[in-house]
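For reference, the chains in residue letters:
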Amino acid sequence: EGEEGSGEKVEESEADRAFWGTSDASSDSERGRCARALALCRGAGELAEDLESALDEVGVLLGAAAPTDVSEALQLCASLARFRLGRAERLLVAALPLAVSKEPTVRAALADAVGQTLLADADAAAAAVGKAKGGGASRMEAQRAAATAAAHRLIALYRNMSLGERAALESLLPSLLGGSADDGAALPPGVLPALWEMLAAAAPARLAASFHGNGVAARQAWADGAAALELLTMADVAVPDVLRGRSDAIISAALSSPFCARLAAAGCAALKAAAPTGTVPQARALVALRSVLAWEPVQGSADERGWYALCQRALDCAFALAPRPELELALALRGLHARALGGRAKDTTSHANDEETEEVEGEKESTVPPAALCRLLVAIAHGAICALVRAERLDKDLKAVRARSGAGEAQDASTVSAPTAKGKKAGKQQEDAASTAAAESALESELGAKAEADEADGEALRLLAERDVVGWASKEQPRGLLAAYAPLVEALCSGSAMRGGSENVRVAAALALSQLMVASPAYCEAKLPLFFALLLAASPLPAEGANEDEEGPTTDVRAEATAAEAAARGAVPAAVRLNLAVALGDLSARYPNLLEPWTSHVHRALRDSDARVRVALLSVVAHLTVHDMVKAKAGGAELALCLLDKDEQVRKRAKMLFLELAQKSSAPVYNLLPELLSKLTAANAPVDDEGFREIFGYLLGFIEKDKQAESLADRLCSRLAAAGSDEERAVRAVAFCLEKLPPSEKSIRRLIERRSAFAHRLSDDDVYASLCEVAAKARRAGKALLTQAADEYEGVLHKLRERSLRGGPADGDDDLERDELGDEAGEDALAELANGTPARGGGRSRPSAAASASKPAAKRASTAKPTAPRVKRGVK
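Note that the structure is a prediction, hence the values are computed from the model and not measured.

Asks: Explain the overall build of the chain to me, using residue names and the numbers behind them.
Replies: Check the secondary structure of the chain and you find 42 helices and zero strands. Expressed as a percentage of the 876 residues in the chain, the buried residues total 42%. Residue pairs at least 24 apart in sequence account for 71% of intrachain contacts in the chain once pairs closer than 6 positions are excluded.

In structure tokens:
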């Protein structure tokens, strides 16, 4: 269409004509070609904008229930990502969690889409190599260029992924690396060698020779090398022996000076993953790890912020490689101690019980380098966790060895060879011994002796780790390595040290406190008051039901601390409370019995002023509640108030929690409603009428069974009957709950029977409107019996409403009968006046309502004559 002489007329704007400023023939033809190219570019831009606007719908389809919709959406994202269309590539990366989908077709479509995106530059790279060599490039060179381009594209995507997306990519790598190169979905076979080359290019010696002091280029190479090594560590699960025999290359590239925090952390993780292969040079690796832990990054740099993750990875690697890892931890702490405290911290234990401890430690904290003190505290915290993990791993290995030995003994006993003719007597004895051993083994298994022995061994290992590594005792001098630093950690977490100073130091101290509590149950039980004092930003509080003789604030002091909580909230940084909220999940999972008395404080912490802290706490509480570690009734009001939170993430998590609870067979939401109604309708309830309606409108939607609806209707009527004259707000709330219940014939019949409970409340317009909505909701169900019951209920409701507006008494069935008798007398009198004839019954006077009311109910029932229902007639 753009060829010269096509005769197509191209419209040009005045700006185009002014730009060209000539009218000769050659210029016209050139202008025509440029104008067509410009029109093509404008059309392409408009098409790109239209496709960008359509990506919102594509994002919705990625979450569709139909696998075909998801597969087609993934294919479209891959096609658009090949043309570098803005959000298409990002949308495809966001769809990586589909790698754990239960639908095989969805997983295959995701692998195909990601493979196409990664290979988008492969063909262009191969063509560029062929063009550079004048078309003489070999097939191997073209494949190598394509693999290198795919590796660069993979690293570019990986560096912009979140942690969750990287975890999803790890589960997708077997599909990407396990397919053949011909189907277009798998990566080329040369991608892994290309990643190793990128790691080698990040080695310090290569960087010094290549970039000659260019810091920006060196940082880029380090970042690419770190991403490449992390991808290779992930690929070790999908492709066997990826890391085997590569330990020297990893140490040279990642764990050699000068260090890069992220690259060194990736190297430590790779060495830990390669440890089971037995090919890691242990001595060289431990020397490199010591150098990394002794490294002091430049203050304020990115490496200083990344050192903490590097320290955790290095300690994990040391505990996986070293024969005595506690010695490696001691060496690391000695070096960090010397840089942070020097010789001034030797008296931390001697001042542990002095009243001046806080002042002494506060002065030390103000004189030591904050960054060095942070590094020491982080190493203490993670060292405790590493010791705990090692003890549990040894316990697991011991159980595996015992299981294998037991299986071997059983096999030996079952494969006794048949006796020969010469040794029948010996063979019989051997057979008897084997049968006896088998019987004893079966008896031990039946009695649980082996399981008890395994449990005893595991407990011994845990006590060994706690005594030798943590070694904390409340009334004795610390015996373990980490317990020597416990007084320092406590001093930094309490008093003026937590109220001022470096925020990073306060965060690291709180983290160290929580990790030491996770490692030792005795230390956890002793320091729970301090833990919750920091979490609630108040003074230390005793657990519920604690012994009054124990040291701790009294009830009055607790009340004062609760009142001062809002004022003290800003004293403890939000980052400290966030770390403690995360650690609370670990403590609750590990020591649920110790945390049970503090459940009310956990729920009270949901009122934190920081949204991040509330999200973390709600996640912990939701996990505990869903897994029946904490009863939903314990903090039902606080959880329900999260449905009204200002933060959208908190509201979503609260709704998800109640949705999970509604699916449990024990019906916790149904059991929670009565108590929740009492708390949220009290005079001092922290919610207004609109908030109450939003909470109960959501929770009552989970009541689907008729039996539950009938029981709740009966309970709500009882509440209406027991409500006082000054509880108008509670009455309106109960009527709203009746309105939101699912209608059933039995529940409406029950309301008719219990009409005396709400008859005296119908003068309130809100109550009357809610109770009328019950009948309207029942009619909308479209069931004959339900509609009939709704009509009867509505008739009773209208009569009670009219009597309530007239100011008459309305307190039971007798009142309704008296009104019916009065209505009949009034109709007879109107008929007599209209017809000019005496009413029915001659001149006999009808008994008064008071007289009828004075008769016993049984006598009235026996003497009353059945009468046909009267229809009210209008009288002019």
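Asks: Before we move on, could you go through the packing of helix 21 (residues 486-493) against helix 24 (residues 521-536) and cite the residues and values that matter?
Replies: At a minimum axis distance of 11 Å, the contact between helix 21 and helix 24 shows a crossing angle of 20°. With respect to their mutual orientation, helix 21 and helix 24 come out roughly parallel. Between helix 21 and helix 24 the crossing geometry is left-handed. Taking contact as the criterion, the partners of Ala 486, Glu 490 and Cys 493 in helix 21 are, on helix 24, Tyr 523, Lys 527, Leu 530 and Leu 534. Here the residues of the contact of helix 21 with helix 24 sort into five nonpolar, no polar and two charged.

Asks: Could you give an account of helix 13 (residues 261-274), with specific residues and numbers?
Replies: Given a rise of 1.5 Å per residue, 14 residues ought to cover 20 Å, and the 20 Å separating the end C-alpha atoms of helix 13 matches this to within 8%. Along helix 13, 10 of the 14 residues are buried, which leaves the element largely enclosed by surrounding structure. Among the residues of helix 13, those classed as buried are Ala 261, Leu 263, Ala 264, Ala 265, Ala 266, Gly 267, Cys 268, Ala 270, Leu 271 and Ala 274.

Asks: An account of the nonpolar core is needed here, citing residue identities and associated values.
Replies: Core analysis: the biggest nonpolar cluster contains 233 residues, and Leu 74, Leu 195, Phe 696 and Tyr 793 have the highest contact counts within it. A per-element tally of this core places helix 18 (residues 370-414) first, with 13 residues.

Asks: Tell me about the packing of aromatic side chains, and name the residues and values.
Replies: Enumeration according to the criterion identifies six aromatic pairs in this entry. Ring centres of Phe 259 and Trp 295 lie 5.6 Å apart, and the angle between their planes is 50°; on these two criteria the pair is classed as tilted. Taken as a pair, Phe 259 in the loop between helix 12 (247-254) and helix 13 and Trp 295 in the loop between helix 14 (282-293) and helix 15 (302-321) lie far apart in primary sequence, 36 residues in all. In terms of burial, Phe 259 and Trp 295 fall into one category: buried. On the numbers, 5.5 Å between centres and 80° between planes, the contact of Phe 531 with Phe 532 is edge-to-face. Geometry around Phe 736 places Arg 693 over its ring, the cationic atom sitting 5.9 Å from the centre.

Asks: I'd love a proper account of the pattern of salt bridges, names of residues and values included.
Replies: On inspection of all chains with the given rule, the structure shows 37 salt bridges. Among the salt bridges present, the one from Glu 638 reaches Arg 607, with a minimum N-O distance of 2.5 Å. Residue Glu 638 is found in helix 31 (residues 636-641), and its partner Arg 607 is found in the loop between helix 29 (599-604) and helix 30 (611-626); the two are separated by 31 residues along the sequence. The class for Glu 638 is buried, based on a relative accessible area of 14%.

Asks: Describe in detail the side chain of Ser 101, supporting the description with residues and values.
Replies: With respect to the helices and strands, Ser 101 occurs in the loop between helix 4 (86-94) and helix 5 (104-118). For Ser 101, the side chain forms a polar contact with the main-chain nitrogen of Glu 103, separated by 3.2 Å.

Asks: Outline the confidence of the model for the chain, supporting the account with residue identities and numerical values.
Replies: Confidence in the prediction for the chain averages 75 pLDDT; 70% of positions are at 70 or higher. In this model residues 416-424 is a low-confidence stretch, pLDDT under 50, and it forms four contacts with partners more than four residues away in sequence or in other chains. Per-residue pLDDT stays below 50 along residues 837-876; that stretch engages in 27 contacts with residues further than four places along the chain or on separate chains.

Asks: Summarise the environment of Ala 223; cite the residues concerned and give the values.
Replies: Its location among the elements puts Ala 223 in helix 11 (residues 215-238). For the pair Ala 223 and Ile 155, spaced 68 residues apart in the sequence, the C-alpha separation amounts to 9.5 Å.

Asks: Describe the environment of Tyr 793, with residues and values.
Replies: Considering the arrangement of structural elements, one finds Tyr 793 in helix 39 (residues 784-806). By relative accessible area, which is 1% here, Tyr 793 ends up buried. Separated by 44 residues in sequence, Tyr 793 and Arg 749 place their C-alpha atoms 7.5 Å apart. Those residues in contact with Tyr 793 that lie beyond four places of it in its chain are Ile 748, Leu 751, Ile 752, Phe 758, Leu 771, Val 774 and Ala 775.

Asks: Hey, could you go over unusual backbone geometry for me, with residue numbers and the actual values?
Replies: Working note: non-glycine residues mostly have negative phi, and peptide bonds are mostly trans. The step from Ser 257 to Pro 258 runs through a cis peptide bond, and the omega angle for that step is 0°. Looking at the secondary structure, you find Pro 258 in the loop between helix 12 and helix 13. Phi at Ala 667 is positive, roughly 55°, even though this residue is not glycine. Mapped onto the elements of the fold, Ala 667 is located in the loop between helix 32 (648-662) and helix 33 (668-680).

Asks: Any chance you could break down the packing of helix 21 against helix 23 (residues 503-519) for me, citing the residues and the numbers?
Replies: Relative to each other, helix 21 and helix 23 sit at 130°, their axes nearing to 9 Å. Here helix 21 is positioned oblique relative to helix 23, judged by the angle of their axes. Crossing of helix 21 against helix 23: the hand is left-handed. On the side of helix 21, the interface is formed by Val 489, Leu 492 and Cys 493, while helix 23 contributes Val 505, Ala 509, Ala 510, Ala 512, Leu 513 and Leu 516. For the contact of helix 21 with helix 23, the per-class residue count stands at nine nonpolar, no polar and no charged.

Asks: Before we move on, could you go through the environment of Ala 640 and cite the residues and values that matter?
Replies: Relative to the assigned elements, Ala 640 resides in helix 31. What makes Ala 640 buried here is its relative accessible area of 0%. Along the backbone, Ala 640 and Leu 676 are 36 residues apart, and their C-alpha atoms lie at a distance of 8.3 Å. Not counting chain neighbours up to four residues away, the residues in contact with Ala 640 comprise Phe 658, Leu 676 and Ile 695.

Asks: I'd like to hear about the side chain of Arg 754, residue by residue, with values.
Replies: Structurally, Arg 754 can be placed in the loop between helix 37 (745-753) and helix 38 (765-780). A polar contact is formed between the side chain of Arg 754 and the side chain of Ser 718, at a distance of 3.4 Å. Discounting residues that sit within four places of it in the chain, Arg 754 has contacts with Asp 714, Cys 717 and Ser 718.

Scoring rules and cut-offs
Residues numbered from 1 in each chain as written. Predicted model: local features only at pLDDT ≥ 70, side-chain atom pairs only at ≥ 80, totals over all residues. Heavy atoms only, no water. Helix = DSSP H or I, 4+ residues; strand = E, 2+ residues; numbered from the N terminus. Buried < 20%, exposed > 50% of the residue type's maximum accessible area, 1.4 Å probe, protein only. Contact = heavy atoms within 4.5 Å. Axes fitted to C-alpha atoms, helices over the stretch in contact; angles between N-to-C directions. Parallel < 35°, antiparallel > 145°, perpendicular 65-115°, else oblique. Left-handed = near helix turned anticlockwise from the far one by under 90°. Nonpolar A, V, L, I, M, F, W, Y, C, P; charged D, E, K, R; others polar. Expected span 1.5 Å × (residues − 1). Core = buried A, V, L, I, M, F, W, Y, C linked by side-chain atoms within 4.5 Å. Phe/Tyr/Trp six-rings, centres within 6.5 Å; stacked < 30°, edge-to-face > 60°. Lys NZ or Arg CZ within 6 Å of the ring centre and 35° of its normal. Salt bridge = Lys/Arg side-chain N within 4 Å of Asp/Glu carboxyl O. Polar contact = N/O pair within 3.5 Å; in protein donor to acceptor, adjacent residues only side chain to side chain. pLDDT = per-residue confidence, 0-100.

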